[in-house]
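Okay, here's what each chain looks like letter by letter:
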Amino acid sequence: MIDIIGVPLGFGAGKSGSELGVEAIRHSKIRGSKVTHHLEQLGYVVTDRGNVPIVQPSDGYKTSGGVRHLTEVSLSSANIAAVLIESLNSGATPVVLGGDHSIAIGSFSGIATHFKEKGEEIGLIWFDAHADINTPETSASGNIHGMPLAAILGYGATELVNVASNGSKLDPRFFAHIGARDIDPGEKAMIEKLGLRDRFFTMSDIDKRGMLACVEDAIRIAGAASGGFAVTFDVDMIDPRFAPGSGTLVRGGTTYREAHLALELIAESGKMRSFEIVEVNPLLDQSNLTVELACELILSAFGKTIL
Amino acid sequence: MVESRVTVVNNLGLHARAAAQLVRLAGQFESTIRIIRPDKDIFADAKSILNLLTLAASIGTVLHLQAEGPDEEKALNAVEELFKSGFGEL
């Protein structure tokens, strides 16, 4: 059972447009059919739950304590978390369509709260060109989409740390990050401080060891959690040649096939409890390449294979 | 079917935590409970948090309540009380 949940929140990013990713993914057709239809063909019962109501900023670029749109993102995050909890309680596997990456604060807070109430641990595999582990103190832009990992680890603005339940949501023992190649100095210091170096499979690690070995390690780490793991996938992990429609592109990303391989392995593991795709920006896309790639990645994550 | 009218009295309105409380309460009854926002011509199933959040009911919003089923009276009273108590935030 799959629940499609749209989260049209794009004001956590510097460039607008990722809020349109939700409808673009929902309505685009690959090989003549929408992603929901393809998921049904894979044997799932799919329900489109519509979009999570987002609290919109009313007065331009409001900053509070070095964080842009803190109130709106934190109120919206509470909504996102509540909807994720409802979906997981019903026994469904949520597919969250973003939105910028700030939505991971709400989604993972909801997921973690659900599993905590069940007395289970939950892991997280995070695909991204960036570490997203800034805090208001280290962030140059104040954009919340650079802070979600810090927030769910319990660092940064209280309003973001305490979504759905108080304090840290993620046990670093069950966390793995794949594809990083653009990490701010403050983020490097944070990763070192928290002892997370071996949780990051950077592009350099992928170059040296190959995607297969890195993803197998990530699945082993996150899959050690008793409840399985959630996946959050920022399309900017993939090289801009294959995924040009995103707001913070960085050269030197993975290939198209490496991205699919990663998600095919995750599907094979049988331990994924939630999937999220973020930072698809149709306003910056070329010929719908990135949107269609996002649709295909969802299918790989749910078991679509070549043969 | 029984009906009544309530006004949202808590500062934060029918936000995520309040809506979760309402869903938990509504789930204790067999009856169908509908929350209607007449000024926007939208309604929500009180047993669905996503539905309730879509109402975006802030402080001062007038809502109509409808309950239908074997325990409709009890359900309506309980939901009315929850709104009046401001979801424990007053």
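Just above, that's the structure.
Please read all numbers here as calculations on a predicted model, not as lab measurements.

Criteria and thresholds
Residues numbered from 1 in each chain as written. Chains lettered and ligands numbered in written order. Predicted model: local features only at pLDDT ≥ 70, side-chain atom pairs only at ≥ 80, totals over all residues. Helix = DSSP H or I, 4+ residues; strand = E, 2+ residues; numbered from the N terminus. Contact = placed C-beta atoms within 7 Å. Rg over C-alpha atoms; globule rule 2.2 N^0.38 Å. Buried ≥ 20, exposed ≤ 12 C-beta atoms within 10 Å, placed from the backbone. Axes fitted to C-alpha atoms, helices over the stretch in contact; angles between N-to-C directions. Parallel < 35°, antiparallel > 145°, perpendicular 65-115°, else oblique. Left-handed = near helix turned anticlockwise from the far one by under 90°. Nonpolar A, V, L, I, M, F, W, Y, C, P; charged D, E, K, R; others polar. Core = buried A, V, L, I, M, F, W, Y, C linked by C-beta atoms within 7 Å. Expected span 1.5 Å × (residues − 1). Arc of directions from axis to C-beta. Pairing = 2+ DSSP bridges.

Caption draft 1: Here's a closer look at the overall build of chain A. In terms of helices and strands, chain A carries eleven helices and twelve strands. Overall size of chain A, expressed as C-alpha extent along the three principal axes, is 50 × 45 × 40 Å. Long-range pairs, those at least 24 residues apart, make up 77% of the contacts in chain A between residues at least 6 apart in sequence.

Caption draft 2: Inspection of the overall build of chain B at higher detail. Along the backbone of chain B there are three helices and four strands. Taken from the N to the C terminus, the helices and strands of chain B come in the order β-α-β-β-α-β-α. Rg of the C-alpha trace for chain B: 11 Å, near the compact-globule value of 12 Å for 90 residues, within the 12% margin. Summarising its shape, the C-alpha atoms of chain B cover approximately 35 × 25 × 20 Å along the three principal directions. Of all 90 residues assigned to chain B, the portion counted as buried reaches 37%.

Caption draft 3: Spotlight on the packing of helix α3 (residues 70-89) of chain A against helix α4 (residues 103-117) of chain A. Residue and element names in this part refer to chain A. Here α3 crosses α4 at 40 degrees, and the two axes come no closer than 7 Å. One way to sum up the angle between α3 and α4 is to call them oblique. By crossing handedness, the relation of α3 to α4 is classed as right-handed. Taking contact as the criterion, the partners of S76, S77, A78, N79, I80, A81, A82, L84, I85, L88 and N89 in α3 are, on α4, I103, I105, G106, S107, S109, G110, I111, T113 and H114. Class assignment of the residues belonging to the contact of α3 with α4 gives a composition of ten nonpolar, ten polar and no charged.

Caption draft 4: Just the nonpolar core, in detail. Counting residues in each nonpolar core, the largest one holds 129 residues, and the members touching the most others are I125, A222 and I298 of chain A together with A19 and L52 of chain B. L52 of chain B has contacts with L14, A19, L22, V23, I35, A44 and A46 of chain B, leaving out every residue within four places of it along the chain.

Caption draft 5: Highlighting helix α9 (residues 211-222) of chain A. All names here are of chain A. The terminal C-alpha atoms of α9, which comprises twelve residues, lie 16 Å apart, in line with the 16 Å expected from a rise of 1.5 Å per residue. For α9, the set of buried residues is M211, C214, V215, A218, I219, I221 and A222. Each buried residue of α9 lies within a common arc of 160 degrees when the element is viewed along its axis, so the set occupies one face. Residues of α9 that are buried make contact with β8 (123-127), β9 (175-178), β10 (200-201), α8 (203-209), β11 (229-234) and α10 (256-269).

Caption draft 6: Broad picture of the pairing of strand β1 (residues 2-7) of chain A. Residue and element names in this part refer to chain A. Burial analysis of β1 places six of its six residues in the buried class, the great majority of the element. Going residue by residue along β1, you find I2, I4 and G6 tucked away on one face and D3, I5 and V7 tucked away on the opposite face as well. Here β1 pairs with strand β4 (residues 46-51) via four bridges, running parallel. Within β4, the residue paired with I4 across the bridge is D48.

Caption draft 7: Seen up close, the sheet that holds strand β2 (residues 32-37) of chain B. Residue and element names in this part refer to chain B. Read across the open sheet, the four strands follow the order β1-β4-β2-β3; overall the sheet is antiparallel. Pairing within the sheet leaves two strands with one partner each, and these edge strands are β1 (2-7) and β3 (42-45). Ignoring strand direction, the axes of neighbouring strands in this sheet form an average angle of 25 degrees. Across the sheet, helix α3 (residues 72-84) lies against β1, β2 and β4 (62-68), angled at about 0 degrees from β1, the strand it touches most.

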